[in-house]
Amino acid sequence: MPKHIYFLFFPGYQTLDIMGPIEIMSHLPQTSLHYVSREGGPITSAQGFSINTEVLDALPPQSVLLVPGGMATRQLVHDQAYLQDLAIWAEQSSYCLTVCTGAALIAATGALDGKAATGNKNAFAWHKSVRPQVEWQSRARWVKSGKYYTASGVSAGMDMALGFIAEHYGQTTAEDIANKCEYCWQTDPTDDPFAVS
């Protein structure tokens, strides 16, 4: 069972991509949440929300890495130094979760090659152009492939987070958290009203 969850921030991240899963996962017992970035310090979202982060050096055993999306991923997928560090963190993680265009960011490291994945359907063609070696799923709220979990756009991250919790902490725990948050959890990862053809 994971003991640490690392939420990776970068300038221009999409606020709900990461804050939704933070709210969901903050209810987990005996689990530490860490707010990190490559450089540390305050990081501001595309919506102007700022959070103070710690420098991410290395992930300890039994760790989860969660990567949000946002317009900033359009530049980061070409930042080789950033991708090298991200590839190391993804490899170190026990599980790696992405939301929205965060999937394209992880995909750019090569970690998703040959694996099923999904991402924001409004940017789906772009996802495929970033890394065609990935088996991109056009109809999926979220996808699990080995240790990698990828969610569709923005709010789908909360459904994926609850799905992850159901698998690793139990269905009852996931349902209890959803109820505490008064959130209507979409439990079926294949039910995708925003699917693209």
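Residues numbered from 1 in each chain as written. Predicted model: local features only at pLDDT ≥ 70, side-chain atom pairs only at ≥ 80, totals over all residues. Heavy atoms only, no water.

- For the protein, the name recorded in an unreviewed UniProt entry is Transcriptional activator FtrA, with Kingella potus as its organism.

## Description of the overall build of the protein
Consideration 1: Each helix and strand counted, the protein has 7 helices and 10 strands in total.
Consideration 2: Relative to the 2.2 N^0.38 estimate, which gives 16 Å for 197 residues, the radius of gyration of the protein is 15 Å and therefore close to what a compact globule would have.
Consideration 3: Taking the principal axes of the C-alpha coordinates as reference, the protein spans close to 40 × 40 × 30 Å.
Consideration 4: For the protein, with 197 residues in total, the buried portion stands at 52%.
Consideration 5: Of the contacts formed within the protein by residues at least 6 apart in sequence, a portion of 66% connects residues at least 24 apart.
Consideration 6: For the protein, the exposed surface amounts to about 8400 Å²; the carbon and sulfur share of it is 49%.
Consideration 7: Separation between the mean location of the 12 positive side-chain charges and that of the 18 negative ones in the protein comes to 5 Å. (Helix = DSSP H or I, 4+ residues; strand = E, 2+ residues; numbered from the N terminus. Rg over C-alpha atoms; globule rule 2.2 N^0.38 Å. Buried < 20%, exposed > 50% of the residue type's maximum accessible area, 1.4 Å probe, protein only. Contact = heavy atoms within 4.5 Å. Areas by Shrake-Rupley, 256 points an atom, 1.4 Å probe, with all protein chains shown as cover. Lys, Arg positive; Asp, Glu negative; His and termini not counted. Charge placed at Lys NZ, Arg CZ, Asp CG, Glu CD.)

## Concerning the pairing of strand S6 (residues 95-99)
For a regular strand, the rule is simple: side chains alternate between the two faces of the sheet.
Consideration 1: Counting buried positions along S6 gives 4 out of 5 residues, so the element sits mostly inside the fold.
Consideration 2: Where S6 lies against strand S10 (residues 148-151), 4 bridges are found, and the strand directions are parallel. Of the residues in S10, the one forming a bridge with Cys 96 is Tyr 148. (Pairing = 2+ DSSP bridges.)

## Observations concerning the packing of helix H6 (residues 156-169) against helix H7 (residues 171-180)
Consideration 1: Where H6 meets H7, the axes come as close as 6 Å, and the angle between the chain directions of the two elements is 145°. Touching Leu 162, Ile 165, Ala 166 and Tyr 169 of H6 are Gln 171, Thr 173, Ala 174, Ile 177 and Ala 178, all from H7.
Consideration 2: The residue makeup of the contact of H6 with H7, split by class, is 7 nonpolar, 2 polar and no charged. (Axes fitted to C-alpha atoms, helices over the stretch in contact; angles between N-to-C directions. Nonpolar A, V, L, I, M, F, W, Y, C, P; charged D, E, K, R; others polar.)

## Focus: the packing of helix H1 (residues 15-25) against H6
Consideration 1: Packing of H1 against H6 brings their axes to within 8 Å, and their N-to-C directions diverge by 35°. Considering how the two elements wind past one another, H1 and H6 form a crossing that is right-handed. In this structure, H1 uses Leu 16, Gly 20, Pro 21, Ile 24 and Met 25 to contact H6, whose residues at the interface are Gly 157, Met 158, Ala 161, Leu 162, Phe 164 and Ile 165.
Consideration 2: In terms of residue class, the contact of H1 with H6 is built from 9 nonpolar, 2 polar and no charged. (Left-handed = near helix turned anticlockwise from the far one by under 90°.)

## Overview of helix H3 (residues 80-92)
Consideration 1: The first and last C-alpha atoms of H3 sit 18 Å apart over 13 residues, in line with the 18 Å expected at 1.5 Å per residue.
Consideration 2: Within H3 the residues assigned to the buried category are Tyr 82, Leu 83, Leu 86, Trp 89 and Ala 90. Around the axis of H3, the buried residues are gathered within 125° of arc, so they sit on the same side. Across H3 from its buried face, at more than 90 degrees, point the exposed residues Gln 80, Gln 84 and Glu 91. (Expected span 1.5 Å × (residues − 1). Arc of directions from axis to C-beta.)

## A closer look at the UniProt feature "domain: DJ-1/PfpI" (unreviewed entry) in the protein
Consideration 1: As recorded in UniProt, the sites labelled "domain: DJ-1/PfpI" (unreviewed entry) are residues 3-166.
Consideration 2: The span residues 3-166 shows a helical share of 32% and a strand share of 26%, and its end C-alpha atoms are spaced 15 Å apart. (UniProt positions renumbered as here; feature names shortened; annotations may be inferred.)

## A word on the pairing of strand S9 (residues 142-145)
Consideration 1: Pairing of S9 with S10 involves 4 bridges; the strand directions are antiparallel. Within the sheet, the bridge partner assigned to Ser 145 lies in S10 and is Tyr 148.
Consideration 2: Between S9 and S10, which pair antiparallel and follow one another directly, the connecting turn spans 2 residues, one of which, Gly 146, has a positive phi of 65°.

## Concerning the side chain of Ser 45
Consideration 1: Along the chain, Ser 45 turns up in the loop between strand S3 (41-44) and strand S4 (50-55).
Consideration 2: Excluding residues within four positions of it along the chain, Ser 45 makes contact with Gly 12, Tyr 13 and Thr 15.

## Quick word on unusual backbone geometry
Glycine aside, a negative phi is what most residues show, and trans is what most peptide bonds show.
Consideration 1: For Gln 62, which is not a glycine, the phi torsion comes out positive at approximately 60°.
Consideration 2: Among the secondary structure elements, Gln 62 is positioned in the loop between S4 and strand S5 (63-67).
Consideration 3: You can call Gln 62 partly exposed: its relative accessible area is 39%.
Consideration 4: Here Cys 100, not a glycine, exhibits a phi torsion of approximately 60°, which is positive.

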